[in-house]
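# Understanding the architecture of this molecule
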Amino acid sequence: MAEKKRNPPWTRDEIILALDLYRQVEGAWPRESDPRVAALSDTLNSFWRAQGHEGATLRNANGVKMKLMNLRAHDPAHADKAGLKAGNHIEREVWTDFADDPRHLKETADAIRQAIVSGKAIHIEVESDEVLDPNEVEAPEGRLLTVMHHRRERSRKIVKAKKQDVLKKAGRLTCEACSFDFAERYGARGDGFIECHHTKPLADLAEAGNTRLADLALLCANCHRMIHAKRPWLSVDELRALLDSQGKNGGETL
Ligand SMILES: [Zn+2]
Ligand SMILES: [Zn+2]
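The structure reproduced in this document is the subject of the present report. (Residues numbered from 1 in each chain as written. Chains lettered and ligands numbered in written order. Predicted model: local features only at pLDDT ≥ 70, side-chain atom pairs only at ≥ 80, totals over all residues. Heavy atoms only, no water.)

## A closer look at the coordination of the zinc ion (ligand 2)
In plain terms, the rule: Note that water is not among the atoms used; donors are N, O and S atoms within 2.8 Å of the metal (3.2 Å for Na, K and Ca), so sites may look incomplete. A run of H or I in DSSP becomes a helix once it reaches four residues, and a run of E becomes a strand once it reaches two; helices and strands are each numbered from the N terminus. Relative accessibility thresholds used throughout: buried, under 20% of the residue-type maximum; exposed, over 50%; partly exposed, between the two (1.4 Å probe, protein chains only).
Taken together, the protein ligands of the zinc ion (ligand 2) are His149 (NE2), Glu153 (OE), Glu153 (OE), His197 (ND1), His224 (NE2) and His228 (NE2), with distances of 2.0 to 2.4 Å. If you list the donors of the zinc ion (ligand 2) from N- to C-terminus, the spacing comes out as H-x3-E-x43-H-x26-H-x3-H. Residue glutamate 153 is located in helix α6 (residues 143-153), and its partner histidine 197 is located in strand β1 (residues 195-198); the two are separated by 44 residues in the primary sequence. For the residue pair glutamate 153 and histidine 197, the accessibility class agrees, reading buried in each case.

## Considerations on the side chain of glutamate 141
Put simply, the rule reads: Charge counting follows a simple rule: Lys and Arg are positive, Asp and Glu are negative, and His as well as the terminal groups are ignored. A side-chain nitrogen of Lys or Arg and a carboxyl oxygen of Asp or Glu constitute a salt bridge if their distance falls within 4 Å. Contacts are assigned to residue pairs with any non-hydrogen atoms lying within 4.5 Å of each other.
Looking at the secondary structure, you find glutamate 141 in the loop between α5 (102-117) and α6. Buried glutamate 141, no salt bridge; nearest opposite-charge side chain is arginine 12, N-O distance 6.9 Å. Among residues more than four places away in sequence, those in contact with glutamate 141 are Asp13, Ile16, Phe98, His104, Thr108, Ile112 and Leu202.

## With respect to the coordination of the zinc ion (ligand 1)
Heads up, the condition is: Square planar and octahedral sites, with four and six donors, are those where opposite donors lie more than 155 degrees apart and all other angles lie between 65 and 115, tetrahedral sites have four donors with every angle between 85 and 135 degrees, and the rest are irregular.
Donor atoms from the polypeptide that bind the zinc ion (ligand 1) are Cys175 (SG), Cys178 (SG), Cys220 (SG) and Cys223 (SG), placed at 2.3 to 2.4 Å. The site at the zinc ion (ligand 1) holds four donor atoms, and with the angles between them running 103 to 117°, its shape is tetrahedral. Counting along the primary sequence, the residues that act as donors to the zinc ion (ligand 1) give the motif C-x2-C-x41-C-x2-C. Of this pair, cysteine 178 sits in the loop between α7 (156-170) and α8 (182-186) while cysteine 220 sits in the loop between β2 (216-219) and α9 (221-228), and the two are 42 residues apart along the sequence. Residues cysteine 178 and cysteine 220 agree in their burial class; the two are buried.

See below:
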């Protein structure tokens, strides 16, 4: 693999892992030689090496320590002695999304770490927008888990099985949020067409195990896009409630 020289900017996934370490070491700032700093440095380097990045400075212990200091600048508890300017908008967003939710932070960080360690995170082109639809945003849980979500719900085998299951039970494929029916609207051309959305929390995705049909929801293309269009992503129930509140849910309200 060609060696890439420039150190890539820290991604949202990496900053989530750094915030997880920040919460663990808070109040007792680690030295560069601290094994926890070394462990994060190793994890991040193995991720980037898999993307074709090499280099002694890539995510070395000093870089990890610097990132902890950057995060401290966002911490109201340390507002008096913030050494570094809080300039990075990704750090600020991650802080806002996770700093006050330790459980979600830990689950998400564990899932990202697991995705990296298990090798599932290889070749996801984190620096490119190609992996995401231009109308979609990366999930709060970061790029790795976002990509894993999309890979799962675009798996031909599982999508086919889900559609067959619903067809057998309901006789037609309709959007679970708005009741749209492609066959009804587009005739033969829409026959059998619908999208699958994976409903499991992203932090559960890194776990081994196959997708269950019950983990998938059938959605029309519009509703699926709307779920992924902004952070945080919506659940199918939340999207349905939103449609209800707009009074536009397929005219099915009595
Ligand atoms: Zn829909
Ligand atoms: Zn989806």
